[in-house]
Every structure is written in C-alpha cells, then in structure tokens.
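Examination of the molecular architecture
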Number of protein chains: 4
Amino acid sequence: MTRSGKPSAKRVLIMDAAVKAFAQNGYHQTRIADVAREAGVAAGTIYLYFSSKDDLLISIFQEKVQGFITDFRNRLSREENAEVKLKKLVHLHLFQMQQHPDLAAVFQLELRQSRHFMSAYPKVDLKSYFGLIGEIIEHGQEQGLLRKDLYLSAVKKALFGAIDETVTSWLLSGRTYDLTHMAGPLADLFIRGLREDSLRTKMEDMSGV
Amino acid sequence: MTRSGKPSAKRVLIMDAAVKAFAQNGYHQTRIADVAREAGVAAGTIYLYFSSKDDLLISIFQEKVQGFITDFRNRLSREENAEVKLKKLVHLHLFQMQQHPDLAAVFQLELRQSRHFMSAYPKVDLKSYFGLIGEIIEHGQEQGLLRKDLYLSAVKKALFGAIDETVTSWLLSGRTYDLTHMAGPLADLFIRGLREDSLRTKMEDMSGV
Amino acid sequence: MTRSGKPSAKRVLIMDAAVKAFAQNGYHQTRIADVAREAGVAAGTIYLYFSSKDDLLISIFQEKVQGFITDFRNRLSREENAEVKLKKLVHLHLFQMQQHPDLAAVFQLELRQSRHFMSAYPKVDLKSYFGLIGEIIEHGQEQGLLRKDLYLSAVKKALFGAIDETVTSWLLSGRTYDLTHMAGPLADLFIRGLREDSLRTKMEDMSGV
Amino acid sequence: MTRSGKPSAKRVLIMDAAVKAFAQNGYHQTRIADVAREAGVAAGTIYLYFSSKDDLLISIFQEKVQGFITDFRNRLSREENAEVKLKKLVHLHLFQMQQHPDLAAVFQLELRQSRHFMSAYPKVDLKSYFGLIGEIIEHGQEQGLLRKDLYLSAVKKALFGAIDETVTSWLLSGRTYDLTHMAGPLADLFIRGLREDSLRTKMEDMSGV
DNA sequence: CATGAATGAGCGTTCATTCAT
DNA sequence: CATGAATGAACGCTCATTCAT
C-alpha cells in the first residue's frame, strides 16, 4: 500500500525532507529520525508512507526521475528537429539539476549504490531515460540528420554518462559555477560526433534554447 | 606506517580480499569479518594495515587507481598521434575494467559515495586522470588534429563520464557482453566530435589497438 | 533530557539495576547487557536515559550522593550541638551504607577511579559533603566546643577518609559485622581529637543516637 | 614462575614504566603496548615477567607496598615513644607519596578496584600495614600514653583512611601544595583523640620529624 | 492517522595474549 | 631471553523498525 502512487501531501513532505537530509549527509549517514525531524513528523509516521528506509530512497528516485522524464518528454514533443531536441534535452537536464541541487546530490551521489541493489527493482532504473535518448537519436537518423552507422546502445550510455558526470563534477566542485553553461559545449560535442558527414557545417549557437 | 606505500604482501592480500568482498555485496553490506575470512586472516589483522574500514576502501581506490593511471600513461607515451592515443585510452580503460571486474564493481558502484566524503582526501580524487585526458586533447590541438575552440573542462568530463557509464552499464547488465567492443564506437563518437572540421574523413578502423 | 533530573520511573529502574550489577561484578566487568537484563529492559533502552555507560555510573553517583547529602543535612538541622551533630553524621553515614550495601559497594570501590575522570565534572565531586563536615566543625568552634586552632581542610579529609575506610573495610570483610557499631568509637576518636582542651571530660555514651 | 621475587633489573624496569603509565592514564586506559613503549621493550617481553596485566598491577602494589612497609618499620624501630612513632609514620607515609607521585596515583586511584578483585589474593592486601599501625598503638597503650579503652580495629581503619584520603585529595588537587604539611595536623588530631586523658597537655610541635 | 518509547540485532574496533622466529 | 605480528573474543553503541496508545 505504501507503494501506491497516491500523491499524499504528507508523503511528498517526507520525500522532500528526505532529499534535503540525504543531500546534506548522504543516505547512510542520515537517520530516519533526521528525516522525521526535517519533515516535522514522528519517526513512526514515515513507515505509514514508506515500507523502509530503502523504499524511501527508491521512491524518491522513482517518482522524481519519473517526473523529470515525463516533463522532458512533454517539453521536447513540441520540437521537431532532432538536433535541437538533443540540445534541449542536455540543457533541460542540467537546468533541472541546477534548480534542484539537493535532488541532484541524491541522484548523483547515492544513485550508483542504489542502482546496485536496485537491480532487484526493475522499474527503478534509468531505462526509460535511456529510451528517451534513443528515440531522439533514432528520430534524427530518420530525419537524415544523424549517421545511420551508430552503435545506438553505446551512444545512449555515452551521452547519459557525459551529462551525468558533468552534474557530478559540478556538485563536487561545491556548485561554484553555472551548470547550464556546460550545456552548449556538451551538446555540441555530441551532435558533431553523431552528425551525418555530408551535413558538416559550423555549429549554430545555442542561444534561444 | 599504515598509510605508507609499503608493498606489504599481507596488505595487498587484504586489499584484494576486500575488493572481492565489496564487489560481491557492496561496501556497506560487507562486514570486516567477511573481508578477514576472504583474506584468511583474523579481523584484527586488518587493523594492522588499515586504520578503519573507510581507510581500506580509500586505500584500494587510491593505490589501484594510481596504478592504472601510471600504467595508462606509460603505455600511451609510446604513441604519437593524439587520436590514436584517445582510442587507446578508451580501449585500455575498458580492457582493464573487464580484466578486473571486481575492482571495476568497487570503482563504479562505491566510488561516487567515496568521492563524496573523499573531498577531504585531495590526493584520492580523479584529478590526475582528468589531467591525462586533458593532455591528450591538448596534444591533439597542437598537432592540428582537434579543434581549438573546445571547452576543455567540459570535454574531459564528458569523455570520462561516457567511459564510466559504459563500464557501469556493463556491470549492471551482469557482464553479459564483451566490454572492449564498446571502445571503438565510443572513441569514434568522441573523435568525430572533437575533430578539426577540415580533416573530416571516414573514420578508420580500430583494428590494431 | 538525558541528564535532566526528571524522576522518570524507568530511569530510576535502570539506575537501581546498574547499582546491583556494578556492586556484584565491578563497573568494568559489567556489561551493558547485564544491566539491561537486571532492569528488564532492552540494552538500547538504557541509551534513551543515559548517554553512555560512564554517564550511567556518574549519574548514579551524582544523584544518589546528592540525595544522601540532602537527607543528612535535613536530619542534622534539627540538632543544635555540634558534637552531637558529628556523632549523628558518622552514624547516619554508616547506617545508610549498611542499608544500601550495593550502593555502598559502588561508591567505595568504583568511586576513586570515578573521582579521577570526574575531575571534569565539577558538580559530581564530594565538595558539598566536605562542606557539610566543615560547617559542623565550624559550628562547634563557634559554640566553643571545638578547638580554634584546627587545620580545617586537614580535619575534613581525615574525618571523611576515616569513615570511608571504615565502610570499605566492612565491605571487603564480606559485611560480616554490624557497621553502625563502628560509629561510636569513630566519632569518639574525632571528637576527642577536636575538643577544646578545657572541656575534657569522659566521653558520654553514643546511646540514643 | 613470574611471581618469583627475583629482583630482575628488567622486571623492575617494566614495573616502573607501568607505574608511570598507569598514573598518567589509569589502569584500564593503559594498554600493555603503552607500558612496553615506556619501558623500551617489546610487548611480549612483559609476559616473560608477569603473567597478565592484572598480575603486573598486583605485583606493583605487592612489592612496592611491601617495600614501604619494611622501610617504615625499619625507620620507626629506632624510635621508642609511641606518639612520636605515630607522628613519624604519618609523616613518612605522606613524604613517600610526595616523593613518588606516580606510585601514589596508582595506589590511591587504582587500589580500591584492585582491593575488590584482590580479595582473591590474600597476601596482597593492606593487613600488614594495618598491623604496623596496630603495633604502634598497642605499644603506646603499654607505655601508658594512649587510652586502654580503644576499639583498636576501628582506630586502625580510621587512621589509615585519614592518611589515605589526605593523599587522594592532594593528588586530585593536582598536587598544588606540600603534602607533608598535612602530617602535623593529621597526627595531632589522632594523638589527641587517642591520648590518655590524664596526660592532656599542649601538643608539642612536629619540628624535627 | 500519528506518535515516540522501546526494541535488539548487528558490527566496527580494541587490545590482552600468544608463539614462531 | 626477546621480539612484534597475528589473533579473536569481547562489547559499547546505533538506529531501523515496531506497536501500544
């Protein structure tokens, strides 16, 4: 029952408190009591909404990531050109992480370990995000913008990893610079790497994205 | 003495046992007693060589990564062409991870958290690996092979992240495919993305690497 | 909260169990689990009321000694004559220790070490007991019963030490005799030692105290 | 075999190092390794001379106290007058403790606990010191200097306890005053308390002791 | 629904002691 | 005799989880 998708206000309250607490001290260093204090509820209350501490972390990942992916998909659907989509995706990703640095910290720094034990939670992984990237690239291939001879699964991982590491580095730097500034160069690098040779031209500016 | 680089046989024995144990169950799930059993020593013995469980993890990272980076540098030093260097670096990275999957698991899945608290251990981070990547790219620019208008720090992170994610995905897949097969497409993607426009040609094969 | 003087029933329950356990086997030989078993609570519960095993010992000393001193003060306040006060104090001290042999054992046998590290806990020491002794003697001096040329701080220590050793010897003997029987001779010895020369008379009996 | 009284130089070396170490940090807080370092020997060597850490502590107590008592006995044997003997005993006790503050710390602060578990070691206790005190007092009674109606066992404990507490207080004060200054007042108090009524006179000075 | 006192399994670490050299 | 690396039993403390109110 705790895993039902009910958007209970208190459930969200607890998740947000958990994000803040996890971001500050890391998942393992954070006690349920810390989350409870941060949320202004009793420790026991958390177990009315989540079956375990692990479930809390996984739920955060699941629901928040789901939200981002859905949001990204919606925003990108307006756009027709695959290259522009790619640019926008990179930009959106970095922008959202910059807007939600606590969430970013949880994703970037706690995710790996989570991915480990989340092997058991198939729905939790990043497959649908990889799927989104794949769709865009395939779209670009259909549009004749991107090369056909791509090892798609390699490209998807490469792009995700590049964005991911960009965010991680930014976090570990203490967030001392504007993360979205990395979007242009990053997208540029990949688009050049993927572009159909016959279409080689100067990269246009990212302005307006 | 504990932190000194002394190549004590028993110290190495313990580190290897720890890598195996951490890889299997994750750092937090692994008890010191597990490492001891795996190493065939008493639990107390571990504390003759490492000051804490954390120190053990950090030492693994520090010393093993250091070894890889030194090894990579040596092997690449023979090569003159920056593009070939890049290809070889990607290939070496994936090859070594495939050769040492337990070590890879520890690096990929426990590293992030480690990076988190390792902020306090300046020597422990990946700076020198980023440095190696940067040197290769700058070399390529000097050779006129790679574009001059690169945002170097973005490129370094992107390349590292791409390789890193490639390894992680392979691990989480259960190591069901040959990781080195990803080297070619991955290197190709980046070299195309970085290459001087005037030099655009078909990518040559990775054969011989 | 832990250190607050709240008369929590469970807190007292734990302290009493600890006294019993410490008395039986000594502080260091007693495990928290022993105290918990004796108290009929879980080990973790102890840490809801005391911050550490040391805190438990110190709290026993602090609160129980405080209780005794307050009690002694009250009982002695009714008495006017300083010599009688002194007799009563010695008797009360021995009587209470005989009534609470477990507590006595903890005080006598664990106290010294405690005094050692309790240097850091100013409120914990015996100052107020020494103070009580001092007040009685000064009172006797004002009454003209006791000599004026006393080295007060030496006398206080001597009296306390004499009573203290009397209790310790009794404990180490296995409590094979009536401790209060020592009160008369002990008080007699000190009163004779302190008495104004001009008042020398036969010591009256301790009967009635 | 380790308990043989052989005055091995290394045995003494270790005991002295142990006294220093125990005095500094307390018996329980001191590791065998600390004693070994202080003594300049290997940890294992200690076990060639003492069967256990406890044996080391007990041996210190046993042999050092024995030495003091023998020494006291010798020095007092020259003296005929029991009152003077008593004065000298108090002075000697305080003087020796002041001369050997580390030893004093071990005796005063670790002794009680030791006395506890030393019930099992009958030869270790203070009986012979109590015996010495008793002999002096009985001598005084025979000389007609001290009252006959004394509860001897009470008096012995009282005197020992008074001296003992005087030393303990001095130690806990941080040894900020001259301990031997307490000898006069302390002896005076007891001699007055013990003296035959018919002999009441002004106490002579302690000068010359 | 909410609470928070109580639980108790779990583990990192210490250190007295041993023994092969 | 001396060493000191190795041992492994022992334990204080934490904290996720439960449940009576």
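Residues numbered from 1 in each chain as written. Chains lettered and ligands numbered in written order. Predicted model: local features only at pLDDT ≥ 70, side-chain atom pairs only at ≥ 80, totals over all residues. Heavy atoms only, no water.

Within chain A one finds nine helices and zero strands. Put simply, chain A runs from its N terminus to its C terminus through helices and strands in the order α-α-α-α-α-α-α-α-α. In chain A, buried positions account for 55% of the 209 residues. Contacts in chain A between residues at least 24 apart in sequence constitute 73% of all its contacts with a sequence separation of at least 6. (Helix = DSSP H or I, 4+ residues; strand = E, 2+ residues; numbered from the N terminus. Buried < 20%, exposed > 50% of the residue type's maximum accessible area, 1.4 Å probe, protein only. Contact = heavy atoms within 4.5 Å.)

The two copies are related by a screw operation: chain B maps onto chain A through 180° of rotation and 0.0 Å of translation along the axis, at an RMSD of 0.2 Å. The symmetry that links the two subunits is that of a two-fold axis. The C-alpha atom lying nearest the rotation axis in chain B is that of Gly193 of chain B; the distance is 1.8 Å. An overlap of 95% is found between the interface residues of chain B and their copies at the interface of chain A, pointing to a shared contact surface. (Least-squares fit on C-alpha atoms with pLDDT ≥ 70 in both.)

Despite not being glycine, Arg175 of chain A shows a phi value in the positive range, around 55°. Within the element layout of this structure, Arg175 of chain A appears in the loop between α8 (152-172) and α9 (183-194).

This part covers the packing of helix α5 (residues 82-99) of chain B against helix α7 (residues 127-142) of chain B. Residues and elements named next belong to chain B. Across the interface, α5 lies against α7 with an axial gap of 8 Å and an inter-helix angle of 155°. The angle between the axes of α5 and α7 places the two elements in the roughly antiparallel class. Only Tyr129, Leu132, Ile133, Ile136, His139 and Gly140 of α7 make contact with α5, whose side of the interface consists of Ala82, Lys85, Leu86, Leu89 and His93. Along the lines of polarity and charge, the residues of the contact of α5 with α7 split into seven nonpolar, three polar and one charged. (Axes fitted to C-alpha atoms, helices over the stretch in contact; angles between N-to-C directions. Parallel < 35°, antiparallel > 145°, perpendicular 65-115°, else oblique. Nonpolar A, V, L, I, M, F, W, Y, C, P; charged D, E, K, R; others polar.)

This part is about the side chain of His139 of chain D. Looking at where His139 of chain D falls in the secondary structure, it is placed in helix α7 (residues 127-142). Contact partners of His139 of chain D, with chain neighbours within four places excluded, come to Glu80, Ala82 and Lys85 of chain D.

Our next topic: the protein's contact with DNA strand E. Neighbouring DNA strand E are 28 residues; Thr45 and Tyr49 of chain A, Tyr47 of chain B together with Thr45 and Tyr49 of chain C lie closest to it. Gly44 of chain C is positioned with one of its backbone polar atoms (N or O) 3.3 Å from a base nitrogen of DNA strand E. Among the elements of the structure, α3 (43-49) of chain A, α3 (43-49) of chain B, α3 (43-49) of chain C together with α3 (43-49) of chain D are those that each provide at least two residues to the surface near DNA strand E. Among the residues making up the surface near DNA strand E, the classes are represented as twelve nonpolar, ten polar and six charged. (Near = heavy atom within 4 Å. Polar contact = N/O pair within 3.5 Å; in protein donor to acceptor, adjacent residues only side chain to side chain.)

Of the transformation superimposing chain D on chain C, the axial component is 0.0 Å and the angular component is 180°, with the fit at an RMSD of 0.1 Å. Both copies contact each other with a shared surface, as 100% of the interface residues of chain D are interface residues in chain C too.

Before going further, it helps to spend a moment on the protein's contact with DNA strand F. Near DNA strand F, the surroundings consist of 28 residues, among which Ile32 of chain A, Thr45 and Tyr49 of chain B together with Thr45 and Tyr49 of chain D are the closest. Taking the atoms of DNA strand F that fall within 4 Å of the protein, sugar and phosphate contribute 74% of them. Between DNA strand F and Gly44 of chain B, the relevant distance is 3.3 Å, taken from a base nitrogen to a main-chain nitrogen or oxygen of the residue. One of the backbone nitrogen or oxygen atoms of Lys53 of chain C is found 3.0 Å away from a phosphate oxygen of DNA strand F. Among the elements of the structure, α3 of chain A, α3 of chain B, α3 of chain C together with α3 of chain D are those that each provide at least two residues to the surface near DNA strand F.

Turning our eyes to something else, we now look at the pattern of salt bridges. Residues and elements named next belong to chain C. Evaluated as defined, the whole model comprises 48 salt bridges over all chains. In this structure, Glu63 engages Arg11 in a salt bridge whose closest nitrogen and oxygen atoms are separated by 2.4 Å. Of this pair, Glu63 sits in helix α4 (residues 53-77) while Arg11 sits in helix α1 (residues 9-25), and the two are 52 residues apart along the sequence. Of the charged contacts, one joins Arg75 and Asp71 as a salt bridge, the two residues approaching to 3.0 Å between their closest N and O atoms. Of this pair, Arg75 and Asp71 both sit in helix α4, separated by four residues, roughly a single helical turn. Judged by relative accessible area, Arg75 falls into the partly exposed class, the value being 36%. (Salt bridge = Lys/Arg side-chain N within 4 Å of Asp/Glu carboxyl O.)

On average, residues of chain A carry a pLDDT of 86, and 85% of them reach 70 or more. For residues 1-5 of chain A, every residue scores under 50 in pLDDT, and the model assigns this stretch 13 contacts once sequence neighbours within four places are set aside. (pLDDT = per-residue confidence, 0-100.)

With that out of the way, let us pick up helix α2 (residues 32-39) of chain B. Residues and elements named next belong to chain B. Of the positions making up α2, those classed as buried are Ile32, Asp34, Val35, Ala36 and Ala39. On its buried face, α2 sits against α1 (9-25), α3 and α4 (53-77). Positive backbone phi, approximately 70°, marks Gly40, located one or two places after α2.

The residue Leu172 of chain C is located in helix α8 (residues 152-172) in this model. You can call Leu172 of chain C partly exposed: its relative accessible area is 31%.

What follows deals with the interface of chain D and chain C. With 38 residues of chain D in contact, the opposing surface of chain C contributes 41 residues. When chain D packs against chain C, the two sides together hide about 3700 Å² of surface, and 57% of this comes from carbon and sulfur. If you look at where chain D meets chain C, you find two salt bridges. Asp188 of chain C is the salt-bridge partner of Arg147 of chain D, the closest N and O atoms lying 3.6 Å from each other. Across the contact surface, chain D and chain C share three residue pairs in polar contact (both at pLDDT 80 or more). Only α6 (101-117), α8 (152-172) and α9 (183-194) of chain D provide two or more residues apiece to the side of chain D that touches chain C. Here the element with the most residues in the side of chain D that touches chain C is α8 of chain D; it accounts for 13 residues. Among the residues forming the side of chain D that touches chain C, the class breakdown is 15 nonpolar, eleven polar and twelve charged. (Buried area = accessible area lost by both parts, 1.4 Å probe.)

Any pair of aromatic rings gets described here by the distance separating the centres and the angle formed by the planes. With the rule as written, the count across this model stands at 30 aromatic pairs over all chains. Between Phe68 of chain B and Phe107 of chain B the ring centres are 6.3 Å apart and the planes differ by 85°, which places this aromatic pair in the edge-to-face class. Residue Phe68 of chain B is located in helix α4, and its partner Phe107 of chain B is located in helix α6 (residues 101-117); the two are separated by 39 residues in the primary sequence. We note that Phe68 of chain B, like Phe107 of chain B, is buried. Seen in terms of ring centroids, Tyr129 of chain C and Phe160 of chain C are 5.8 Å apart; in terms of plane orientation they differ by 80°. Their pairing is edge-to-face. Taken together, the positions of Tyr129 of chain C in helix α7 (residues 127-142) and Phe160 of chain C in helix α8 put the pair 31 residues apart, joining distant regions of the chain. The structure contains a cluster of three or more aromatic residues connected by ring pairs, namely Phe61, Phe68, Phe72, Phe107, Tyr129, Phe130 and Phe160 of chain A. Here the basic side chain of Lys53 of chain A rests over the ring of Tyr27 of chain A, its NZ or CZ set 4.5 Å away from the ring centre. (Phe/Tyr/Trp six-rings, centres within 6.5 Å; stacked < 30°, edge-to-face > 60°. Lys NZ or Arg CZ within 6 Å of the ring centre and 35° of its normal.)

Now for α1 of chain B. Residue and element names in this part refer to chain B. In a regular helix each residue adds 1.5 Å, so 17 residues correspond to 24 Å; α1 covers 25 Å between its end C-alpha atoms and thus fits that length. Buried within α1 are the following residues: Arg11, Ile14, Met15, Ala17, Ala18, Val19, Ala21, Phe22 and Ala23. Put simply, Ser8 is the residue that caps the front of α1, since its side-chain oxygen is 3.3 Å from the backbone nitrogen of Lys10. Phi turns positive one or two residues past the end of α1, at Gly26, with a value near 85°. (Expected span 1.5 Å × (residues − 1).)

Below, the discussion takes up the interface of chain B and chain A. Tallying the contact residues gives 41 residues for chain B and 41 residues for chain A. Joining chain B to chain A, the criterion identifies two salt bridges. Where chain B packs against chain A, one counts three residue pairs in polar contact (both at pLDDT 80 or more). Contributions of two or more residues to the side of chain B that touches chain A are made by α1, α6, α8 (152-172) and α9 (183-194) of chain B. Per-class residue counts for the side of chain B that touches chain A are 16 nonpolar, 13 polar and twelve charged.

Residues and elements named next belong to chain D. One can describe the packing of helix α1 (residues 9-25) onto helix α4 (residues 53-77) by two numbers: an axis separation of 10 Å at closest approach and a directional angle of 105°. On the basis of the axis angle, α1 is roughly perpendicular to α4. Facing Arg11, Ile14, Met15, Asp16, Ala18, Val19 and Phe22 of α1, the residues of α4 in contact are Leu56, Leu57, Ser59, Ile60, Glu63 and Lys64.

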